[in-house]
Amino acid sequence: MGILTATLIALGSSTPAIAATDDTTSATLQQFDLLTTASTANTESSEISWSSLSVEAGLTVETSVGTVSVSPVTESVPSTTGSGQALIYDAGSDYSFALTAGPVAPANAGYVVIDSPSAPNTYAFEIQADGLPATLTPTDGDRILVKNSRGQTLNVVGAAWARDAEGVSLPSWYSIEGNILTQHVDHSEAAYPVVADPSLECDGLFCTIMYTRSETQQLATSTTTAATLISTGCTALGGVIGGLACGIAASYMIDYANSALNAGKCVGIRAIIYIPQPTTHPVTENCRS
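Asker: Help me understand the state of the cysteines, please; the structure alone is not making it clear to me.
Answerer: A covalent bond between the sulfur atoms of two cysteines is what we call a disulfide. Within this structure, the stated rule accounts for two disulfides. Here Cys202 is linked by a disulfide to Cys207, with a sulfur-sulfur distance of 1.9 Å. What sets the handedness of the Cys202 and Cys207 disulfide is the S-S torsion sign, and at about 115 degrees it is right-handed. Each of the two residues, Cys202 as well as Cys207, counts as buried. Bridging Cys266 to Cys287, the disulfide has an S-S length of 1.9 Å. Where Cys266 bonds to Cys287 through sulfur, the torsion about that S-S bond is close to 105 degrees, and the disulfide is right-handed. Of this pair, Cys266 sits in strand S21 (residues 265-272) while Cys287 sits in the segment after strand S22 (280-286), placing them 21 residues apart in sequence. Given the relative accessible area of 0%, Cys266 is considered buried.

Next comes the structure, spelled out in structure tokens:
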């Protein structure tokens, strides 16, 4: 996921006002460690911001090669949490959408919060690249390359995941129609609430491909599988970062994955963009699924 240094709520004079709210959606995101509380959020950072939230564009993330915007396909008008940490789209009593950006959230993401078994199983997001409809290309590992009209990859959507209130991972996957990315969630046997998430993995500083718990377990046990998963992750990163040197040894990743699992976490590959020769290194973060 992208590591960001500030959040900007982009509200120009011509932009519709966003009503403030403190509802169960933001509370659920906090419960799942996907949003900080208002009291701990740093909303006055003076550092560079690579992301913004707005009524018109939703979530916009800048990278070194262009901008990508994500917004839920819904008629709901968004509200914002008290300190402007997230945009909340209340789609009714059964589910809602939320958009978050760092540093008050772990990811630049479009979340779905599912509150009841009567909620639908599909949730759509519109994706723009450099202000135009994006081209969405699936890759190995259920990740999605986001390309502009010139065919240039600007960002990567992380693998689909969904998790219920008891921490159980639920079946989830994507389908694509034009620039609409739909996340499918099978929540028929879930404990509610359920959270699902397509997240953008790159910003202006880093690109990070996080592996699921299952993939981390595979990385920890097999040199052959580790080499394959490293190659898959580096291929996705290389689509965004030209000249990427991805030299992580399978044996090193096996040790790193075992350490992550022992700490109850998952492993990923992160590339630093703004250095003469972009390189990669492993990271550990909380497991998404």
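Continuing now.
Asker: What am I meant to see in the pairing of strand S3 (residues 51-54) here?
Answerer: Here is the key point about a regular strand: its side chains alternate between the two faces of the sheet. A two-sided burial pattern is seen for S3, the buried positions comprising Ser51 and Leu53 on one face and Ser52 and Ser54 on the other. As defined by bridge partners, S3 adjoins strand S4 (residues 58-62) across four bridges and the pair is classed as antiparallel. Among the inter-strand pairings, Ser51 is bridged to a residue of S4, identified as Val61.

Asker: Explain the sheet that holds S21 to me, please; I cannot follow it from the model alone.
Answerer: Strands in a sheet are paired, the pairing made by backbone hydrogen bonds, and the direction either parallel or antiparallel. With antiparallel pairing, three strands are arranged side by side in an open sheet as S20-S21-S22. The sheet terminates laterally at strand S20 (206-210) and S22, the two strands that pair on one side only. Pairwise comparison of adjacent strand axes, ignoring direction, gives a mean angle of 35 degrees for this sheet. Relative to S22, S21 runs antiparallel, the two sharing seven bridges. Residue pairing in the sheet places Lys265 in a bridge with Asn286 of S22. With respect to the sheet, helix H4 (residues 250-262) is in contact with S21 and S22, its orientation differing from that of S21 by roughly 130 degrees.

Asker: Would you take a moment to explain helix H1 (residues 24-31) for this structure?
Answerer: The periodicity of an α-helix, 3.6 residues per turn, causes residues three or four positions apart to be oriented the same way. Those residues of H1 that sit buried are Thr25, Ser26, Thr28 and Leu29. Mapping the buried residues of H1 onto a view down its axis gives an arc of 155 degrees, with all of them on the same face. Here the buried face of H1 lies against strand S7 (86-90), strand S8 (95-100), strand S9 (108-114) and strand S18 (194-196). Backbone geometry just downstream of H1 places Asp33 in the positive-phi region, at approximately 60 degrees.

Asker: Even after reading the chapter, I still don't get the side chain of Ser54, so can you show me in this structure?
Answerer: Looking at where Ser54 falls in the secondary structure, it is placed in strand S3. Taking relative accessible area as the criterion, Ser54 reaches 10% and is therefore assigned buried. In terms of polar contacts, Ser54 uses its side chain to reach the backbone amide nitrogen of Ala57, at 3.1 Å.

Asker: Help me understand empty space enclosed by the protein in this model?
Answerer: It is the rolling of a water-molecule-sized probe over the atoms that shows where space remains empty. Under the definition given, this model contains two cavities of 30 Å³ or more. By volume, the largest cavity is sized at about 70 Å³. Gly158, Ala159, Ala160, Trp161, Glu201, Met210, Tyr211, Thr212, Arg288 and Ser289 together form the lining of the largest cavity. Here the residues of the lining of the largest cavity are counted per class, giving five nonpolar, three polar and two charged. Approximately 60 Å³ is the volume attributed to the second largest cavity. The wall of the second largest cavity is formed by Leu59, Val70, Asn108, Ala109, Gly110, Phe125, Ile127, Val157, Leu181, Pro198, Ser199 and Leu200. Sort the elements by how many residues they give to the lining of the second largest cavity and S9 lands first, with three residues. Class assignment for the residues of the lining of the second largest cavity results in nine nonpolar, three polar and no charged.

Asker: Looking at this structure, I do not really get H4. What am I missing?
Answerer: With 13 residues, H4 ought to run about 18 Å at 1.5 Å a step, and its terminal C-alpha atoms sit 18 Å apart, in line with that. Those residues of H4 not exposed but buried are Ala250, Met253, Ile254, Ala257 and Ala260. The buried residues of H4 occupy one face: seen down the axis, they fall within an arc of 125 degrees. For H4, the exposed residues lying more than 90 degrees away from the buried face are Asp255 and Asn262.

Asker: Which parts of the structure should I look at to understand the packing of helix H2 (residues 213-221) against H4?
Answerer: To describe two helices that pack against each other, one gives the angle between their axes and the distance between the axes. Where H2 contacts H4, the two axes come as close as 7 Å, and the packing angle between them is 130 degrees. The angle between the axes of H2 and H4 places the two elements in the oblique class. The chirality of how H2 crosses H4 is left-handed. Of H4, the residues touching H2 (which contributes Thr216, Gln217, Leu219 and Ala220) are Met253, Ile254, Ala257, Asn258 and Leu261.

What counts and how
- In every chain, residue numbers begin from 1 and rise along the written sequence.
- It should be noted that, the model being predicted, local features are given only for residues of pLDDT at least 70 and side-chain atom pairs only at 80 or more, the latter also being counted only at that level, while totals for whole chains, interfaces and linings use all residues.
- The basis for every side-chain value is the complete set of heavy atoms in the structure, and neither hydrogens nor water enter the calculation.
- Note on terminology: pairs of cysteine sulfur atoms within 2.5 Å are recorded as disulfides.
- With a 1.4 Å probe rolled over the protein chains alone, any residue whose accessible area is under 20% of its type maximum counts as buried; one over 50% counts as exposed, and the rest are partly exposed.
- For the purposes of this entry, the term helix denotes a DSSP run of H or I that reaches at least four residues, the term strand denotes a run of E that reaches at least two, and both are numbered from the N terminus.
- Here, strands pair whenever DSSP counts at least two bridges between them.
- Note on geometry: axes are lines fitted to C-alpha atoms, helical ones only across the stretch in contact, with angles between N-to-C directions running from 0 to 180 degrees.
- A contact between two residues is defined here by any heavy atoms of the two lying within 4.5 Å.
- Taken from the helix axis, the directions to the C-beta atoms give the arc we talk about.
- Here a polar contact is recorded for every N or O atom pair within 3.5 Å, except that within protein the pair must consist of a potential hydrogen donor and a potential acceptor, and residues adjacent in sequence are included only if both atoms are side-chain atoms.
- Whether a set of points on the 1 Å grid over the protein atoms alone is a cavity depends on a 1.4 Å probe fitting there but being unable to get out, while an open set qualifies as a pocket with protein on both sides within 12 Å along at least five of seven lines; lining residues are those with an atom within 4 Å of a point.
- Grid points are joined across faces, edges and corners, and a volume is the space filled by probe spheres set on the points.
- Gly falls in the polar group here, along with every residue not listed as nonpolar (Ala, Val, Leu, Ile, Met, Phe, Trp, Tyr, Cys, Pro) or charged (Asp, Glu, Lys, Arg).
- By this rule the span expected of a helix is its residue count minus one, scaled by 1.5 Å.
- Roughly parallel means an angle under 35 degrees; roughly antiparallel, over 145; roughly perpendicular, 65 to 115; everything else is oblique.
- Two helices crossing with the near one rotated counterclockwise from the far one by less than a right angle form a left-handed crossing, whereas a clockwise rotation gives a right-handed crossing.

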